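Each chain, written out:
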Amino acid sequence: MKRIAEAKRIKQLSRHLINQIAAGEVIERPASVVKELVENSIDAGASAVEIEVSNGCLNIRVSDNGTGINPEDIELAFTKHATSKLATSEDLFDINTLGFRGEALASIISISKLVCTTRTKENTTGIKVECEESQVKKQETGCAIGTTMEVKELFYNTPVRAKFLKSERAEFSNIAETLQSLAIARPDVALTLINKGSTPIHTSGSGDLLCTLTEIYSNSIASELKEINKTDELSKLHVYGYCSTPNFTRSSKKSIYVFVNNRVVKCPVLLKAIDMAYKNMLATGKYPFVVLNLELKNSDVDVNVHPTKKEVRYRNPNQIFNFVMTAINEALSTYKPQQEERFTDNSENRFEQESKDYEKREENVTRIKPTSFLNAPKEDDAVYVTRENIDELTVKNSNIFSKVTKQTPHQNTSAQINFEIHEQPVAEPNFNIIGQYRNTYIIFEEDKELKIVDQHIADERYIFEKLTEELDKNISSQLLLISDVIKLEPADASLLEENKDKLEKFGYEIQAISDTEIVFKKVPQVISHIKTKEILSDILENLTGDINKLEEKMLVTISCKAAVKAGQELNLWQMEELIKKWKTTKHPYTCPHGRPIIKTFKEQEIAGFFDRNV
């Protein structure tokens, strides 16, 4: 026989139990206590805040030199939903403080023993308040202007919550990360963290963001960062901060700090903007170092989404996304001045001019040349275009053949002449080519630094960006006079047919001659020297992957195939041309796959190794 449960009576929860339940949302761990108390100190106008943790991070003391708490308000301050930061419902749409819900102190005293000592400048004596089990007792005491909060035995009356805490080291690490974020968000406030007699975090409160970053990390980080600073006067948007060059990466996202009106937030919109800005620039599993503060009208953002106040909503998220992504792109593009280039069909004149420039430079070379150049054939040694070597030469049309036959056997100009560029006369390059290492790395000196560039991925980056520019008007194709018949599985043939229009956009024209056989009629001009079977294999691999990223993957594949190869011997002129073109790219730090392109050795570093003074 089924037993009918007895109906339970509804009861009003006690004030203390209500606070304990609410504390579960606001106070998750010791770092949450630090965050709430330090934010209160900042809201109170403190210019210096000292935080000391002990007893396995269960005892926390936060002292500030802020305005203090009025003696008449002290008991009210520890009750739920009591705050000095809001007065009317309209104030919710114009929040200028970090705290405003009036929940933090009530939550903290429900799960810990707290002693508060505070004094305002209007009073000659201070007030000492002892809180336990949500009960408040106060008395007069002598103290300096400001407030000191001493939290003891955190979670002493909620042992279940205490069991979920991690090790002391892990909890302290979370506290340190929380304070780092707050210090970066407010560089005008001096923050000091003390633990077991040491001060792992100490900032000066100088108000200089870059200075604060060097105080938290090291002085060397400054040289790895680019400044972000963009304003939209019409929309009242301003974003500022710093982002790392793509060759300075981290293995996690912990070094990405995003703030909205100086508030530490977890914002998917800003994080997505950062990801998109660094797209094709970082290796898998690598992340940039970014500090980004977005300032906008309080009425355009809602911070009252969650009790932790870390989530925000925007009135126009798409505008925010594009504004921030553009700001980061602009910051990264300041690697060096960009050179104006435009396309032209006058490839013969360009090749002629470049050859003359090279000959002129060769006459003035007085340095010792690397051995890879000493045995180069004479200038009048012709190379005849045959079936065997035609793959090594890429030409745009027949009128350039007479110029190609004057090249040496070591020259492969597939990357050099595929993009026909009209260039104004320029000064001699401000770098000095030293030579090649293992026919893969180009070594040169520039600005008193020794630099090593991977020739394949530097060329790949240049080609990728040029193809991206060409994409709007379709990529230039090369008509194939001879093409092998390639046999496919029916599924692959069907896949090619379904994506025929997409492939044409990238310069491919594929003709089906049966259900399982195809021929290539056209291929992108920059890879016309590659065997069609190799090209087909890459196409099928891209089409069977994430179709939403097809455009990106196709361009990356074409660029990789077209670029100068590792192990390919280059002469002096070719190396100079490759470096010059690579230096015109918008993102010269990594290839589209995310691999680093350049390694730099400073003069001081080299001299230091040999115990020399510079």
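As a convention, each chain's residues are numbered from 1 in the sequence order in which they are written. Per-residue local features are limited, in this predicted model, to residues with pLDDT of at least 70; the limit for side-chain atom pairs, both in listing and counting, is 80 or more; totals at the level of whole chains, interfaces and linings are taken over all residues. Note that water and hydrogens are dropped before the side-chain values are worked out from all heavy atoms of the structure.

(A) Summary view of the overall build of the protein. What counts as a helix is a DSSP run of H or I of at least four residues, what counts as a strand is a run of E of at least two, and both are numbered from the N terminus. Each helix and strand counted, the protein has 19 helices and 27 strands in total. Taken across its 614 residues, the protein has 47% of its residues classed as buried. Any pair of residues with heavy atoms lying within 4.5 Å of one another is described as a contacting pair. Of the contacts formed within the protein by residues at least 6 apart in sequence, a portion of 70% connects residues at least 24 apart. Exposure was quantified through the Shrake-Rupley algorithm and a 1.4 Å probe, taking into account, for residues, occlusion by the shown protein chains and nothing else. A total accessible area of about 32,400 Å² is found for the protein, and carbon and sulfur atoms account for 49% of it. Exposure classes here rest on a 1.4 Å probe applied to the protein chains alone. A residue is buried below 20% of its type maximum, exposed above 50%, and partly exposed in between.

(B) Structural context of the state of the cysteines. The criterion for a disulfide is a pair of cysteine sulfur atoms lying within 2.5 Å. Following the criterion strictly, the structure yields zero disulfides and no others. Sulfur of Cys116: no disulfide; nearest cysteine sulfur belongs to Cys131 and is 7.3 Å away. Between Cys560, a free cysteine, and Cys591, which holds the nearest cysteine sulfur, the sulfur-to-sulfur gap is 7.8 Å.

(C) Summary view of the sheet that holds strand β13 (residues 263-264). Strand order across the open sheet formed by five strands is β9-β10-β15-β12-β13, with mixed pairing between neighbours. Of all strands in the sheet, those with a lone pairing partner are β9 (225-232) and β13, marking the two edges. What makes two strands pair is DSSP finding at least two bridges between them. Note that strand β12 (residues 256-260) and β13 share two bridges and pair antiparallel. Each residue of the ladder has a partner; that of Phe259, found in β13, is Val264. Where helix α7 (residues 209-216) meets the sheet, it contacts β9, β10 (237-244) and β15 (290-295), and its direction lies at approximately 35 degrees from that of β10. Working convention: axes come from line fits to C-alpha atoms, limited for helices to the stretch in contact. Angles between N-to-C directions cover 0 to 180 degrees.

(D) A look at helix α8 (residues 268-277). Where α8 is concerned, the buried positions are Leu270, Ala273, Ile274 and Ala277. Across the axial projection of α8, the buried residues extend over an arc of 100 degrees, all falling on one side. Those residues of α8 that are buried lie in contact with β12, β14 (287-288), β15, β17 (313-314) and α9 (317-332). An arc is given here, and it is the one of the directions from the helix axis to the C-beta atoms.

(E) Representation of unusual backbone geometry in the model. With a phi angle near 70 degrees, Cys57 is a residue other than glycine that sits in the positive phi range. Mapped onto the elements of the fold, Cys57 is located in the loop between β1 (48-54) and β2 (59-64). A relative accessible area of 3% means that Cys57 is categorised as buried. In this structure, Lys448 takes a positive phi of about 60 degrees despite not being glycine. With respect to the helices and strands, the residue Lys448 is situated in the loop between β21 (441-446) and β22 (449-454). Lys448 gets classed as exposed once you look at its relative accessible area, which sits at 68%.

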